[in-house]
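Listed below, chain by chain, are the residues.
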Amino acid sequence: MNTPSALRGAPWPGAPAGTAAPAAAGARDAAAAPAPGGTGTVAFEGVGKVYPSSAGAVAALQDISLEIPAGSIFGIIGRSGAGKSSLLRTINRLEQPTSGRVLVDGADIGRFTEGELVALRRRIGMIFQHFNLLSAKTVHDNVALPLRVAGTPRAEIVRRVAELLALVGLQDKQHAYPARLSGGQKQRVGIARALATGPEILLCDEATSALDPETTQSILALLRDINRRLGITIILITHEMSVIREIADRVLVLEQGRIAEQGEVWQVFGAPRHEATRALLAPLQHGLPDDLQERLAPEPPAAGPYRRVLRLSYTGADGLEPDFARIAQALQSPVRLLHGGVDRLRGHAQGRLLLSVPGSAALPDLATLAQGPQAIAHSIEVIGHVAGADHSA
Ligand SMILES: Nc1ncnc2c1ncn2[C@@H]1O[C@H](COP(=O)(O)OP(=O)(O)O)[C@@H](O)[C@H]1O
Ligand SMILES: [Mg+2]
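What counts and what doesn't
- Residues numbered from 1 in each chain as written.
- Chains lettered and ligands numbered in written order.
- Predicted model: local features only at pLDDT ≥ 70, side-chain atom pairs only at ≥ 80, totals over all residues.
- Axes fitted to C-alpha atoms, helices over the stretch in contact; angles between N-to-C directions.
- Helix = DSSP H or I, 4+ residues; strand = E, 2+ residues; numbered from the N terminus.
- Parallel < 35°, antiparallel > 145°, perpendicular 65-115°, else oblique.
- Left-handed = near helix turned anticlockwise from the far one by under 90°.
- Contact = placed C-beta atoms within 7 Å.
- Nonpolar A, V, L, I, M, F, W, Y, C, P; charged D, E, K, R; others polar.
- Expected span 1.5 Å × (residues − 1).
- Buried ≥ 20, exposed ≤ 12 C-beta atoms within 10 Å, placed from the backbone.
- Arc of directions from axis to C-beta.
- Pairing = 2+ DSSP bridges.
- pLDDT = per-residue confidence, 0-100.
- Near = placed C-beta within 6 Å.
- Core = buried A, V, L, I, M, F, W, Y, C linked by C-beta atoms within 7 Å.

Peer 1: I'm lost on the packing of helix H5 (residues 183-195) against helix H6 (residues 213-230) in this one. Help?
Peer 2: A packed helix pair is summarised by two numbers, namely the angle formed by the two axes and the spacing between the axes. Direction vectors running N to C along H5 and H6 enclose 20°, while the axes themselves pass 10 Å from each other. By the angle between their axes, H5 is roughly parallel relative to H6. For the crossing formed where H5 meets H6, the hand is right-handed. Each of Gly183, Gly184, Gln187, Arg188 and Ile191 in H5 lies in contact with H6, whose residues at this interface are Thr215, Ser218, Ile219 and Leu222. When its residues are assigned to classes, the contact of H5 with H6 shows three nonpolar, five polar and one charged.

Peer 1: Please clarify how H6 should be interpreted in this entry.
Peer 2: Structural remark: α-helix, 3.6 residues per turn; residues separated by three or four positions point the same way. With 18 residues, H6 should cover 26 Å at 1.5 Å per step; its first-to-last C-alpha distance of 25 Å lies within 8% of that length. Within H6, the full set of buried residues consists of Thr216, Ile219, Leu220, Leu223, Ile226 and Leu230. Each buried residue of H6 sits inside an arc of 130° when the element is viewed along its axis, so together they form one side. The exposed set on the far side of H6, more than 90 degrees from its buried face, consists of Pro213, Glu214, Ala221 and Arg228. The elements touched by buried residues of H6 are H5, strand S8 (233-237) and helix H7 (241-247). Immediately downstream of H6, the backbone of Gly231 shows phi near 70°, a positive value.

Peer 1: I'm lost on the sheet that holds strand S13 (residues 348-358) in this one. Help?
Peer 2: The strands making up a sheet associate through hydrogen bonds between their backbones, and the pairing can be parallel or antiparallel. Strand order in the open sheet formed by four strands is S12-S13-S11-S14, with antiparallel pairing between adjacent strands. Here the strands that pair on one side only, and so sit at the sheet edges, are strand S12 (336-345) and strand S14 (379-387). Direction aside, neighbouring strands of the sheet carry axes that sit 15° apart on average. Bridge analysis of S12 against S13 gives nine bridges, and the strand direction is antiparallel. When the bridges of S13 are listed, Gly340 appears paired with Leu353.

Peer 1: Before we go on, may I ask you to explain the environment of Asn227 in this structure?
Peer 2: Within the secondary structure, Asn227 sits in helix H6. Overall, the presence of 18 C-beta atoms within 10 Å leaves Asn227 in the partly exposed class. Between the C-alpha atom of Asn227 and that of Glu200, which follows or precedes it by 27 residues, the distance is 9.7 Å. Not counting residues within four places of it along the chain, the set of residues in contact with Asn227 comprises Ile73, Ile232 and Ile234.

Peer 1: I would appreciate a short explanation of unusual backbone geometry in the present structure.
Peer 2: Within the chain, Glu206 stands out as a residue other than glycine whose phi angle is a positive 55°. Note that Glu206 resides in the loop between strand S7 (201-205) and H6. With phi around 60°, Asp318 is a residue other than glycine that occupies positive phi space. By secondary structure assignment, the location of Asp318 is in the loop between strand S11 (306-315) and helix H11 (324-331).

Peer 1: Explanation requested: the pairing of strand S9 (residues 250-255) in the structure shown.
Peer 2: The side chains of a regular strand alternate, residue by residue, between the two faces of the sheet. Burial runs high along S9: five of the six residues are buried. Sheet topology note: the strand S3 (residues 73-78)/S9 ladder contains five bridges and is parallel. In the strand pairing of S9, Gly75 is matched with Val251. Bridge count for S9 against strand S10 (residues 258-264) is six bridges, and the pairing is antiparallel. Note that in S10 the partner of Leu252 across the bridge is Gln262.

Peer 1: How do you make sense of the confidence of the model for the protein when you look at a structure like this?
Peer 2: Summarising the model, the protein shows a mean pLDDT of 89, and 89% of its residues fall at 70 or more. For residues 1-6, every residue scores under 50 in pLDDT, and the model assigns this stretch 10 contacts once sequence neighbours within four places are set aside. Confidence drops under a pLDDT of 50 for residues 8-37, and excluding neighbours within four residues, the segment shows 61 contacts in the predicted structure.

Peer 1: Whenever I open this one, the site of ligand 1 confuses me. Can you help?
Peer 2: Within the structure, ligand 1 sits among Tyr51, Ser53, Val58, Ala60, Gly78, Ser80, Gly81, Ala82, Gly83, Lys84, Ser85 and Ser86. Listed by contribution, the elements that provide at least two residues to the shell around ligand 1 are strand S2 (58-68) and helix H1 (84-90). Here the shell around ligand 1 takes three residues from H1, the largest share from any one element. Taken together, the residues that form the shell around ligand 1 break down as four nonpolar, seven polar and one charged.

Peer 1: What is the right way to look at the packing of helix H3 (residues 139-149) against H5 in this model?
Peer 2: Packing of H3 against H5 leaves a shortest axis separation of 7 Å and a crossing angle of 30°. One way to sum up the angle between H3 and H5 is to call them roughly parallel. For H3 against H5, the interelement crossing comes out right-handed. Note on element contacts: H5 touches H3 through Val189, Ala192 and Arg193, opposite Val139, Asn142, Val143, Leu145 and Pro146.

Peer 1: Whenever I open this one, the nonpolar core confuses me. Can you help?
Peer 2: In a soluble, globular protein the nonpolar side chains are often hidden away together inside. Of all hydrophobic cores here, the largest spans 72 residues; its most connected members are Ile91, Val143, Leu164, Ala192, Leu203 and Ile235. If we ignore the near neighbours within four places in the chain, the residues touching Ala192 are Val143, Leu164, Leu165, Leu167, Val168 and Leu170. Leu312, Leu331, Val357 and Ala377 belong to the second-largest nonpolar core, a separate cluster that totals 15 residues.

Peer 1: Which parts of the structure should I look at to understand the environment of Lys137?
Peer 2: Its location among the elements puts Lys137 in the loop between strand S6 (124-128) and H3. Distance in space between the C-alpha atoms of Lys137 and Ala176 is 8.7 Å, their sequence separation being 39 residues.

Peer 1: It is not clear to me how the sheet that holds strand S5 (residues 107-108) should be interpreted in this structure. Could you clarify?
Peer 2: Ordered in space as S2-S1-S4-S5, the four strands form an open sheet in which the pairing is antiparallel. Of all the strands in the sheet, the pair left with one neighbour each is S2 and S5. Of the pairings in the sheet, the one linking strand S1 (residues 42-51) to strand S4 (residues 99-104) comprises five bridges and is antiparallel in character. Bridge assignment links Gly48 to a residue of S4, and that residue is Ser99.

Here's what the structure looks like:
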């Protein structure tokens, strides 16, 4: 991909005189007075949102206080109806909080005038699950639209749209209409359009939910690239936990309009504390394979050889990762790996292993094997027993 020079240090269209161009890291020079905490910071202070409805008021958000660091990729997860979209939409004031404040780069956007709000929305791009492209306009014209509205000169629009389309890999599609594009291409147009005004923040509401897994991967790679190269803060809602695991630095879990937990992804995913988080993460966990599940008994068989099945969990803390020589030594018996694996999140190993050991061997105290510098896992438990000297029934 080309270096998007128009996105780096270009004057931010419609910016009030004396305002720093926010988009690119390159634009953040010493001469431009940086906002406290850097450009692209969002802070929620006691944010609440109540929707009036005929069936009574709905408290969609309650007492949300947190900060989203500039330049980070921040994930928001939660069950359907948890308040994710409501929270995201307070950042560009598509929703007004009923209580509390939303600060963008330290400024209380609730007090913005109409003019300031227009300028704010040029600093905050947004992409959607269903792309929201204008079907009667070409790719070029869809991307050009925010620039037209901002009164950008024609020659500048042409140059910028070309650069944006190169950034998202759609140089050859500028004359195409949305109906002729694949889902992934449509979302690339949506991303180019969202970046047209050189935003410092990109909001993504279920942006990959309508895409197949392979296309999702390519869109995530593009978002990560945009985050790294342009320094744009990306705030994304998704129901796909793998998306969070793949690209987010931090994650917020919402449950019934409140913060269930938040933190670095490797910590929250490695050791989820809230039941809502555990429920959301369940699809990522390695469950028991069906054949093993059927044969697993809580107690050893009354007679005959059997194997104990153990589950070792890794949460990503302390740099601990599976060391098979030490595992076999600690369990004092020949060990077989049945199922599972570890992922690496920001350099931390996490996951689960299902192992089996012969029932004939005495088990050491498992609790001590999950503690201190000699630990072989963050937790170890016997989850059951299978009859037979091996696993083939
Ligand atoms: N415009 C609205 N009017 C009334 N209720 C709404 C409106 N938007 C959202 N809600 C309600 O607020 C709650 C949170 O919705 P939403 O923020 O869309 O959740 P999520 O994005 O996590 O699915 C839900 O109970 C939803 O029905
Ligand atoms: Mg939503």
